[in-house]
Amino acid sequence: MNQAQNPLSLSLRRIWALAHNTFLELVRLKVFYFLLLFAFLIIGSSLFTVQFSFQNPLQVLKDVGLGAMSIFSWLLGLLCTANLLPKDMEDRTLYTILAKPVSRFEYLQGKLYGVFLLLGLSVLLMSLLFAGVLAIREQQEIAELARNLSAENLPAAVAEIRAATFQMNLLPGVVLILLKAMLCSTLTLLLSTLATSSVFTVLTSVVVYLIGHVQGIAREAWLAGGQASPLLKVLIAGMALAFPDLQLFNVVDEIAVGTALPALLFWQVAGFGGMYILVYFLLAQLVFSTREL
Amino acid sequence: MSATAILIKDLCKEFPVPFRRETVKAVQNLSLEVPAGEVYGLLGPNGSGKSTTMKIVLGLIRPSSGSTEVFGVDSRRVESRENVGFLPENPYFYKYLTGLETLLFFGKLCGLSGRHLRERSFELLQTVGLEEAADRRLGGYSKGMLQRIGLAQALLGEPRLLVLDEPTAGVDPAGAHAIRDLILQCKQRGITVLLCSHLLGQVQEICDRIGIMDRGELLAEGRIDDLAGKKNQIEMVLENATPTLLESLGALSLASGARVVSQRGARTDLEKFFLDVTRHRS
Amino acid sequence: MRKALCILGLLAGFGCLKTAAEHYLLTVQRSAGFQLATLSGQTRTQLGQTGFVAALSGFRALMADLLWIRAGSAFDRTEWPRMQMLLHAATQLQPRAVVFWEMAHFHMAYDASHSMRLNVRQQPAAALRRVAELEYVQIGEDFLKAGLVFNPESATLWQRLGELYSRRRDDPARASAAYAEAARKPGALGFLRRMAAYELAKVPGKDREAYEQLRSLYLEGEPQRLPNLVRLLRQLEEKLAVPEAERVYTTPSAPSGTPASR
Ligand SMILES: Nc1ncnc2c1ncn2[C@@H]1O[C@H](COP(=O)(O)OP(=O)(O)O)[C@@H](O)[C@H]1O
Ligand SMILES: [Mg+2]
């Protein structure tokens, strides 16, 4: 061996090598092409929304963009993660890696961080594209106003459009979108350590995603303790206990219509998401460490 | 450091058969010891448990009972793999990486970095004869090339123990020859090698000791000469021998109480012939 | 087996903890104005199966926009009941969009109710036309009030409520109260307090209070001393027979010395 080094930094270096490799794998699998769909959707709807007179076209564009960002980041994380472990096991690359002084814990972390890296970059790219299209449309709206409004009314109207288009408040909202995608990826990783086929992983993960969005309704009904048959009650309670409430991460819609997100609330939700990621990851590690390869 | 490279004690491994009660006994009561510096060959038909034994030694799968140690460290601990290089059976790497990137990646996992890692990678690419393919993606490599990059990868961390699962499977004779030379080089440098193969000729050439497995059990073990040498026989190859000479040799043997067991026209080894032909071309 | 039970127990424990955390977070989010959308049966019907799933998984605002746009086409075809349903669904999906509530109330309390009044062809009886008209005014008012439940701090919605009472209901007392409420909200415009006073002046028996309000507005300075305010102030001073010394219109800044300019 070369120099004596402290084990933690060596371990971090190995995790980084694995994460970077996973990221590279996903990039070379051309998953970024997936984002082209997002680009088409945004640019397409920015052209399409010009026609609406009944609703503010910029608002529609914003809602399309934020919704698409939420769905796309989730789907990207899901599809990328579901195949990571099965592929390594099937190709036996896992043997070669684990025959090096790499623990399964490090391996799993490396894989997950690689996906996180990809998700972070994707959300960044989507945000930039989205902001770009929004800026162009904003300019068009302002030019339109300049043609129709008198000089004295113009500055106020322009300022109003500006304030309604770019809200710095959206940033924490987008961070929560990313966090939700990361949470769902970790869940997918957990499922793939349990599963024997990636079809199962993907399907289960989709189901959890959907249930996760109605879990809140079920939970509040359960906590309120209304009238229901005992069987239904047990079902609802189980649902509330077992599934994460993903709706808590959807705050952009309100931010987009001007609701302020208090910093404390942001950190609470982020902390909640972080805790979920940690728990899912530890469970994944628990399963993976005892799994026969 | 322990003078024993690999220690296997009463190893058993059973695989469950899905949807059945029974199990497959892949390894049964296997005990063996490989001293440091030795080249040990595991022989056996397909499915006899060679790969399973290797995977357990490397901590990739858990034994059902018994234990394995590498340089005195239990295989279940990560540290046991610090001085080990492994070439899996039919190695398969990330297709999207080039040869060089593959070595850099595995080097980082071994704790290497920076200039040292690059130099070492280039050196090994040269050693296994892949310097021209260094920037091509592994997706386009042939089986033999994959085997060689696998070997390079196993040698990256300057291991003291090499575990090679059928290193020459699917490799052309020239490649197999090169791989054999490489293993011999390692042996000279004092690296312990555990290999399995069903090419008995090769095993005979390079191994100090062999073990023969069948259905998970070790049936025989010992030094090659002890197992396969015929102590009271000797072979002799003559050139330009006249029939008269042969006749008188026969008579002489008989007179001294020896016996000519067989006599035939010598052929060159087909492998040697193949190597000569291909070497002259290039 | 015991290990599995152990893990199951831990998971159940975690489930309870996280359920409590989720409940807490939801409460905090609601009080900050998030997670207020309701996907009741009616909204779900409007959305359809796919739209419902989309609304649940990130496209809620967009679904609200789409419902809104469909409401727009109902408007073009003057299908008022359909429009009302779509507006209701859209506002339920995006209850923090003040502009939705505001526009919904406009379309109901003004557009739809006017069209009821003029709907001679389908409803020849004037009294029944009047009933239909008032029904839509009521629907508009309900939209505003529902909007205020979700956005109690919106000066705009309170102002619209004041306008509705003043213009569509001839109820100056409630109009004045609504304007006054609007004036207290963050970001309220200056004219709201004047509007509250003007409306109060129309309420029988509230002359004294209206006069006090107008007077204190007048005394605030030049920006409040608009012709309407000054005129009303004078009228009230006359009506209440305020002693000459206490009157404010005689101050030098008053434009003319003759009180009977009307
Ligand atoms: N992961 C596994 N699951 C079930 N059975 C296995 C597994 N791996 C190996 N076996 C079985 O164990 C036996 C030994 O396999 P292996 O060690 O690969 O043999 P060899 O390498 O000697 O050809 C075979 O019968 C094989 O079917
Ligand atoms: Mg094998």
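Colleague: Explain the sheet that holds strand β9 (residues 209-214) of chain B here, please?
Modeller: The pairing of strands in a sheet happens through backbone hydrogen bonds and is either parallel or antiparallel. Residue and element names in this part refer to chain B. The six strands lie next to each other as β6-β7-β8-β3-β9-β10, forming an open sheet whose pairing is mixed. Of all the strands in the sheet, the pair left with one neighbour each is β6 (84-87) and β10 (217-223). With direction set aside, neighbouring strand axes in the sheet form an average angle of 15°. Relative to strand β8 (residues 192-196), strand β3 (residues 39-43) runs parallel, the two being bridged by four bridges. Bridge pairing in β8 places Gly-41 opposite Leu-195.

Colleague: Would you explain the interface of chain B and chain A in this entry?
Modeller: By a frequent convention, interface size equals the accessible area lost on bringing the separate parts together. Residue-level contacts link 31 residues of chain B with 31 residues of chain A. For the pair chain B and chain A, the two sides together bury roughly 3100 Å², of which 58% comes from carbon and sulfur. A:Glu292 is paired through a salt bridge with B:Lys13; the nearest N and O atoms lie 2.6 Å apart. Run the count over chain B and chain A and you get 14 residue pairs in polar contact (both at pLDDT 80 or more). Ranked by residue count, the leading element in the side of chain B that touches chain A is helix α2 (residues 99-109) of chain B, at five residues. Considering only residue class, the side of chain B that touches chain A consists of 17 nonpolar, five polar and nine charged.

Colleague: Mind showing me how you'd approach a nonpolar patch on the surface here?
Modeller: All names here are of chain A. A cluster of nonpolar side chains, namely Leu-121, Leu-124, Leu-125 and Leu-128, defines an oily patch on the protein surface of about 360 Å² accessible area. Positionally, Leu-121 belongs in helix α6 (residues 104-148). Judged by relative accessible area, which is 35%, Leu-121 ranks as partly exposed.

Colleague: Teacher, can you tell me more about the site of ligand 1 here?
Modeller: Residues and elements named next belong to chain B. Near ligand 1 you find Phe-15, Val-24, Ala-26, Pro-45, Asn-46, Gly-47, Ser-48, Gly-49, Lys-50, Ser-51 and Thr-52, and these make up its full shell. Take Gly-47: an N or O atom from its main chain is 2.7 Å from an oxygen atom of ligand 1. Expressed as a share of its isolated accessible area of 560 Å², the protein-covered part of ligand 1 is 65%. For the shell around ligand 1, the elements supplying multiple residues, two or more each, are β2 (23-35) and α1 (50-57). Considering each element in turn, the shell around ligand 1 owes the most residues, three residues, to α1. Taken together, the residues that form the shell around ligand 1 break down as four nonpolar, six polar and one charged.

Colleague: What exactly am I supposed to notice about the coordination of the magnesium ion (ligand 2) here?
Modeller: Ideal geometry at a metal centre: 109.5 degrees between donors when four sit tetrahedrally, and 90 or 180 degrees when six sit octahedrally. Residue and element names in this part refer to chain B. Looking at the magnesium ion (ligand 2), the protein donor atoms are Ser-51 (OG), Glu-89 (OE) and Glu-89 (OE), and they sit 2.0 to 2.8 Å from it. Taken together, the positions of Ser-51 in helix α1 and Glu-89 in the loop between β6 and α2 put the pair 38 residues apart, joining distant regions of the chain. Judged by relative accessible area, which is 15%, Ser-51 ranks as buried.

Colleague: Looking at this model, I keep getting lost on the environment of A:Leu265. Mind explaining?
Modeller: Its location among the elements puts A:Leu265 in helix α12 (residues 263-290). The class for A:Leu265 is buried, based on a relative accessible area of 2%. If sequence neighbours within four positions are ignored, A:Leu265 has contacts with C:Leu25, C:Val28, C:Gln29, C:Ala32 and C:Phe34.

Colleague: Before we go on, may I ask you to explain the nonpolar core in this structure?
Modeller: One broad rule of soluble globular proteins: the nonpolar side chains tend to lie buried together. With 207 residues, the main nonpolar core has A:Ile97, A:Tyr107, B:Ile149 and B:Leu195 as its most contacted residues. With residues up to four places along the chain from it excluded, the contact list for A:Tyr107 reads A:Leu18, A:Leu85, A:Asp88, A:Leu94, A:Ile97, A:Leu98, A:Val102 and A:Phe288.

Colleague: Just to check I follow, could you spell out helix α8 (residues 172-184) of chain C for this structure?
Modeller: For an α-helix the count is 3.6 residues per turn, leaving residues at separations of three or four pointing the same way. All names here are of chain C. Here α8 is 13 residues long and its end C-alpha atoms lie 18 Å apart, about the 18 Å a rise of 1.5 Å per residue gives. When we look at burial in α8, the residues that qualify are Pro-172, Ala-175, Ser-176, Ala-178, Tyr-179 and Ala-182. Mapping the buried residues of α8 onto a view down its axis gives an arc of 165°, with all of them on the same face. Looking at the buried positions of α8, the neighbouring elements they touch are α7 (155-168) and α9 (191-202).

Colleague: Mind showing me how you'd approach the packing of helix α3 (residues 57-82) of chain A against α6(A) here?
Modeller: The relative placement of two packed helices comes down to the angle between their axes together with the axis-to-axis distance. Residue and element names in this part refer to chain A. Orientation of α3 relative to α6, taken along the N-to-C sense of each, is 165°, at an axis distance of 10 Å. Taken together, the axis directions place α3 and α6 in an arrangement best described as roughly antiparallel. The two elements α3 and α6 meet at a crossing, and its hand is right-handed. A breakdown of the residues in the contact of α3 with α6 according to their chemical character gives 16 nonpolar, six polar and four charged.

Colleague: Please explain the interface of chain C and chain A as it appears in this structure.
Modeller: Each partner contributes to the interface: chain C provides 41 residues, whereas chain A provides 47 residues. There are three salt bridges connecting chain C and chain A. In this structure, C:Arg60 engages A:Glu254 in a salt bridge whose closest nitrogen and oxygen atoms are separated by 3.0 Å. Counting only elements with at least two residues in the side of chain C that touches chain A, the list comes to α1 (2-31), α2 (41-56), α3 (60-76) and α5 (98-117) of chain C.

Colleague: Is there a simple way to explain the sheet that holds strand β5 (residues 73-74) of chain B in this structure?
Modeller: Residue and element names in this part refer to chain B. Across the sheet, four strands lie side by side as β2-β1-β4-β5; this open sheet has antiparallel pairing. Of all strands in the sheet, those bounded by a partner on one side alone are β2 and β5. Alignment of strand β1 (residues 4-16) against β2, held across nine bridges, turns out to be antiparallel. Counterpart to Leu-7 in the pairing with β2 is Glu-33. Contacts from α1 reach β1, β2 and β4 (65-70) within the one sheet, and its direction differs from that of β1 by about 120°.

Colleague: What should I look at first to understand helix α7 (residues 154-165) of chain A in this one?
Modeller: Helix length check: α7(A), at twelve residues, gives a terminal C-alpha distance of 16 Å against a target of 16 Å (1.5 Å per residue), a fit within 8%. As for α7(A), its buried residues are in contact with α3 and α6 of chain A.

Colleague: When you look at the pairing of β3(B) in this model, what are you seeing that I'm missing?
Modeller: Consecutive side chains along a regular strand alternate between the two faces of the sheet. With five of its five residues buried, β3(B) lies for the most part within the structure. Alternating residues of β3(B) divide into B:Val39, B:Gly41 and B:Leu43 and B:Tyr40 and B:Leu42, and every residue in both groups is buried.

Colleague: Would you explain the pairing of β10(B) in this entry?
Modeller: Residue and element names in this part refer to chain B. Strand direction decides the pairing type here: β9 and β10, joined by six bridges, are antiparallel. Looking at β10, one finds that Asp-214 is bridged to Glu-217. Hairpin connection of β9 to β10: two residues between the antiparallel strands, including Arg-215 at a positive phi of 45°.

Parameters and conventions
- Note that residues are indexed from 1 along each chain, following the sequence as it is written.
- Going through the entries in the order they are written, you letter the chains from A and number the ligands from 1.
- Only residues with pLDDT of at least 70 get local features here, since the model is predicted, and only at 80 or more are side-chain atom pairs given and counted; chain-wide, interface and lining totals rely on the full set of residues.
- With hydrogens and water set aside, each side-chain value is computed from the structure's full complement of heavy atoms.
- A pair of strands counts as paired when DSSP detects no fewer than two bridges linking them.
- Labels follow the DSSP assignment, with helices taken as runs of H or I lasting at least four residues and strands as runs of E lasting at least two, numbered in each case from the N terminus.
- With axes taken as lines fitted to C-alpha atoms, and helix axes fitted only over the stretch in contact, angles between N-to-C directions fall between 0 and 180 degrees.
- The criterion used for residue contact is that any of the two residues' heavy atoms lie within 4.5 Å.
- Two parts placed together each lose some accessible area under a 1.4 Å probe, and the buried area is that loss summed for both.
- Salt bridge, as used here: a side-chain nitrogen of Lys or Arg that lies within 4 Å of a carboxyl oxygen of Asp or Glu.
- For the purposes of these results, a polar contact is taken to be a pair of N or O atoms within 3.5 Å, where, inside protein, one atom must be able to donate a hydrogen and its partner to accept one; residues adjacent in sequence count only when each atom of the pair is a side-chain atom.
- Put simply, Ala, Val, Leu, Ile, Met, Phe, Trp, Tyr, Cys and Pro go in the nonpolar bin, Asp, Glu, Lys and Arg in the charged bin, and everything else, Gly too, in the polar bin.
- Patch definition: residues above 30% relative accessible area lacking any salt bridge, with like charges linked at up to 9 Å and the nonpolar side chains Val, Leu, Ile, Met, Phe, Trp and Tyr linked at up to 5 Å.
- Note that accessible areas follow from Shrake-Rupley with a 1.4 Å probe, and for residues the cover is restricted to the protein chains shown.
- When accessible area is computed with a 1.4 Å probe and restricted to protein chains, residues below 20% of their type maximum are described as buried, those above 50% as exposed, and intermediate ones as partly exposed.
- The cutoff for a nearby residue is simple: one of its non-hydrogen atoms must lie within 4 Å of the molecule or strand.
- Think of the donor list as every N, O and S atom within 2.8 Å of the metal, or within 3.2 Å for Na, K and Ca; water never makes the list, so a site can look incomplete.
- What is meant by a nonpolar core is a set of buried Ala, Val, Leu, Ile, Met, Phe, Trp, Tyr and Cys residues, joined one to another through side-chain atoms within 4.5 Å.
- Expected span, for any helix, means 1.5 Å times one less than how many residues it has.
- It is the directions from the helix axis to the C-beta atoms that the arc portrays.
- Each angle receives one of four descriptions, namely roughly parallel if under 35 degrees, roughly antiparallel if over 145, roughly perpendicular if within 65 to 115, and oblique otherwise.
- What makes a crossing left-handed is the near helix being turned counterclockwise from the far one by less than a right angle; a clockwise turn instead makes it right-handed.

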